[in-house]
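# Per-entry structural report
What follows is each chain in one-letter form.
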Amino acid sequence: MTARRCAVIGGGIAGASVAASLARRGWQVQVLDAAAQPAAGASGLPVGLFAPHVSPDDAILSRLTRAGVQATLQQARALLVQGQDWNASGVLEHGVKGARRLPAHDTSSRPATPAERAAAGLAADAPALWHAQAGWLKPARLVRALLTQPGIEWRGHCAVAAVVRHGAGWQLQDGAGWQLQDGAGWQLQDGAGWLVQDAAGQCLAEAPLVVVAAGPHSAALLGARLPLQPLRGQIAWGRCGDARLPPFPVNGHGSLVAGIAHEGAAAWFVGSTFERASTDTQVRPDDHAANLARLQLLLPAAARELAPQFSGAAGSPAVRGWAGVRATLPDRLPAVGPVDEAAAPGLWASTGMGSRGLTLAVLCGELLAARASGEPAPLAPQLAAALAAQRYTR
Ligand SMILES: Cc1cc2nc3c(=O)[nH]c(=O)nc-3n(C[C@H](O)[C@H](O)[C@H](O)COP(=O)(O)OP(=O)(O)OC[C@H]3O[C@@H](n4cnc5c(N)ncnc54)[C@H](O)[C@@H]3O)c2cc1C
C-alpha cells in the first residue's frame, strides 16, 4: 500500500506534534520551515509550564487542558530526559485574585498544603492550589525529539508563501516553463492535492494533505480563514546564584520556575508579558519591568530576591530576556483539522495555541492524526468540536 503523505508547514511544537502523530500511524511527512532549525518561533521559549486550567464547573478548557497535560506527559516521558529537558514537578497556582474552586471530582489538583505555601514564600492562608499533573518543559527539546521520529523529513530554509490547489492531471512550474516531473522529483498524483510554493512561485512540496502550523503566520497561508491574532510575549531570566526561590514552579499571575539548567548554570525564568498585535521579538527593558511587577504580586519574597538582578545592581548578574509571538484565536482555543472541507479539502491546520502550546499542541496533533487516519477521535465529541478549525468557517 502506498504511504499516505502530508506536508506540514511550521516546525514548532504544533507542527512537530502533528508530524509525529501522523508518522506513528505510518504516514510519510515533510515538515517545511522558513528557519534553518526547528523551534524558531514561539516554541523556542527556553522553558515553559504545562498545567491544567481548573474551574468549579469543569469547563471545556479545564477538560481539554487535563487531556492535554496527559498527552504532553506521555511524549515527554517517551522522548526526553527527565530533570534535564522537562520535569513533572507539580505546579503551585497562587490565586492572586482569590481562590479558584475545584470541581468535586478533580483528583489531580487540590488546595496547597501550608508547607507548599511556605516553600513558595507565601502566607499560610494565601489562596493556592497544587497541580500534581503539571511541570516544566523545554519545548525546543520536545520539538527536536518529535521530528526525529521515523517517517518525518525535516526541511529548513523553506519559506512558504502560498498553498495552491491542483487537480488531476496537474503540471508543475519549474521557472523555465511548465513541465511534468516524476522519479526523484515530486510524485504525480491521480487525485487532487496541494502545491506548497515559495514567494517566487516555485514548488517546495506537493501533498494531498497540507497542515498549516506556522504560528501567527498561519493566517496568511490559510487565506485569512481563521481570525488569528499575534500576541507578543517576553520572559526574563537569570542565574539563581544564592537567591532563595521556590523549589517548584509557581503560576497564577505570570509564572516563576527556578533551578533549571540553562547555558551552563542553574537559571530562573519569570514570565510573561502580553502585547496584542505586535510581532516584534526584540527584548525590551520596559517588559523586564513589567515582569518584575507581575512577580511582585505573584511571589513577593522571590521578587525581593531577584530585584537586584532586575535593577542591574553592582555584583548582580544581569537579567536576560527572550521574546516570541503567540498566535491566538478569539475563544482562546486552538484550531485543529480541516479549515473548510467543502472549499479547500485537504487543507488543514493545527494552530492558535495561544499561551498553552506546551499543554495543548501534542493533544491537537493526536486529534488531527486520528481524524486524518480515519480513527475514532481521542477526545469526547464536545471537546473535539471545541477545537475544530471549521468552527470559524462554517
Ligand atoms: C513569552 C512566552 C511565554 C510562553 N509561556 C508558555 C508556557 O509557559 N506554557 C505554554 O504552554 N505556552 C507558553 N507560551 C506559548 C507557546 O510558546 C506557544 O503556544 C507555542 O510555542 C506555539 O507553537 P506553534 O508550533 O503553534 O508555533 P511556533 O512555535 O511559533 O512555530 C511556528 C513555526 O512556523 C514557522 N513558519 C512561520 N511562517 C512560515 C512560513 N511562511 N513558511 C514556513 N515556515 C513558517 C516558524 O519558523 C516557526 O518555526 C509562551 C509564549 C511566549 C511568547
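All of these numbers come straight from a predicted model, not from anything done at the bench. (Residues numbered from 1 in each chain as written. Predicted model: local features only at pLDDT ≥ 70, side-chain atom pairs only at ≥ 80, totals over all residues. Heavy atoms only, no water.)

To continue, consider the side chain of threonine 351. Within the secondary structure, threonine 351 is located in strand β23 (residues 347–351). Under the relative-accessibility criterion, threonine 351 is labelled buried at 3%. Of note is the side chain of threonine 351, whose polar atom sits 3.5 Å from the backbone oxygen of glycine 215. (Helix = DSSP H or I, 4+ residues; strand = E, 2+ residues; numbered from the N terminus. Buried < 20%, exposed > 50% of the residue type's maximum accessible area, 1.4 Å probe, protein only. Polar contact = N/O pair within 3.5 Å; in protein donor to acceptor, adjacent residues only side chain to side chain.)

A word on helix α8 (residues 357–372). When the terminal C-alpha atoms of α8 are compared, their 21 Å separation across 16 residues agrees well with the 22 Å that a helix rising 1.5 Å per residue should span. At the C-terminal side of α8, glycine 374 shows a positive phi close to 75°. (Expected span 1.5 Å × (residues − 1).)

So, about the sheet that holds strand β2 (residues 28–32). Within a beta sheet, neighbouring strands are joined by backbone hydrogen bonds and run either parallel or antiparallel to one another. Ordered by their spatial adjacency, 6 strands build an open sheet running β9-β2-β1-β15-β23-β22, and the pairing between neighbours is mixed. Pairing within the sheet leaves two strands with one partner each, and these edge strands are β9 (152–155) and β22 (335–338). Taken pair by pair, the neighbouring strands of this sheet meet at an average axis angle of 20°, ignoring direction. Along the sheet, α8 makes contact with β15 (209–212), β22 and β23, crossing β23 at roughly 160°. (Pairing = 2+ DSSP bridges. Axes fitted to C-alpha atoms, helices over the stretch in contact; angles between N-to-C directions. Contact = heavy atoms within 4.5 Å.)

Further remarks concern the nonpolar core. Here is a general trend for soluble globular proteins: nonpolar side chains tend to be buried in one another's company. The biggest cluster of nonpolar side chains holds 52 residues, and the ones touching the most others in it are Val8, Leu22, Leu64, Val211, Leu379 and Leu387. Secondary-structure elements contributing two or more residues to this core are β1 (5–9), α1 (13–24), β2, α2 (60–79), α4 (139–147), β15, α8 and α9 (381–387). The element that contributes the greatest number of residues to this core is α8, accounting for 10 residues. Not counting residues up to four positions away in its chain, the partners in contact with leucine 387 are Leu64, Leu333, Pro334, Ala335, Val336, Cys364, Leu367 and Leu379. (Core = buried A, V, L, I, M, F, W, Y, C linked by side-chain atoms within 4.5 Å.)

Let us look at the confidence of the model for the protein. Put simply, the protein has an average pLDDT of 92, and 93% of its residues get 70 or more. Per-residue pLDDT stays below 50 along residues 168–190; that stretch engages in 35 contacts with residues further than four places along the chain or on separate chains. (pLDDT = per-residue confidence, 0-100.)

In the neighbourhood of the ligand, 37 residues make up the surrounding shell, with Asp33, Ser43, Leu49, Val160 and Leu358 lying closest. Valine 160 is positioned such that a nitrogen or oxygen atom in its backbone is 2.8 Å from a nitrogen atom of the ligand. The fraction of the free accessible surface of the ligand (1000 Å²) that becomes covered by protein chains is 92%. Residue composition of the shell around the ligand, by class: 18 nonpolar, 16 polar and 3 charged. (Near = heavy atom within 4 Å. Areas by Shrake-Rupley, 256 points an atom, 1.4 Å probe, with all protein chains shown as cover. Nonpolar A, V, L, I, M, F, W, Y, C, P; charged D, E, K, R; others polar.)

Next up on the list: the packing of aromatic side chains. On inspection of all chains with the given rule, the structure shows 3 aromatic pairs. Geometrically, the ring pair formed by tryptophan 130 and phenylalanine 248 is edge-to-face, given 5.0 Å between the ring centres and 80° between the ring planes. Taken together, the positions of tryptophan 130 in strand β7 (residues 128–131) and phenylalanine 248 in the loop between β16 (229–239) and β17 (250–251) put the pair 118 residues apart, joining distant regions of the chain. Residue class for phenylalanine 248 comes out buried when judged on its relative accessible area of 10%. Ring plane angle 35° and centroid distance 5.5 Å describe the contact between tryptophan 268 and phenylalanine 310, whose orientation is recorded as tilted. Separated by 42 residues along the polypeptide, tryptophan 268 in strand β19 (residues 265–271) and phenylalanine 310 in helix α7 (residues 300–311) bring together distant segments of the chain. (Phe/Tyr/Trp six-rings, centres within 6.5 Å; stacked < 30°, edge-to-face > 60°.)

Quick look at the domain arrangement of the protein now. The domains assigned to the protein are domain 1 (5–44 + 143–227 + 330–392) and domain 2 (91–132 + 229–328). Every contact between the two is made by 13 residues of domain 1 and, on the other side, 9 residues of domain 2. Here domain 1 and domain 2 share an interface that buries about 770 Å² over both sides, 60% of which is from carbon and sulfur atoms. A per-residue breakdown of the area domain 1 buries against domain 2 is headed by Ala42, Pro216 and Gly354, which together make up 47% of the total. Connecting domain 1 to domain 2 are 0 salt bridges. Summed over the shared surface of domain 1 and domain 2, the number is 2 residue pairs in polar contact (both at pLDDT 80 or more). (Domains from an automatic or database assignment. Buried area = accessible area lost by both parts, 1.4 Å probe. Salt bridge = Lys/Arg side-chain N within 4 Å of Asp/Glu carboxyl O.)

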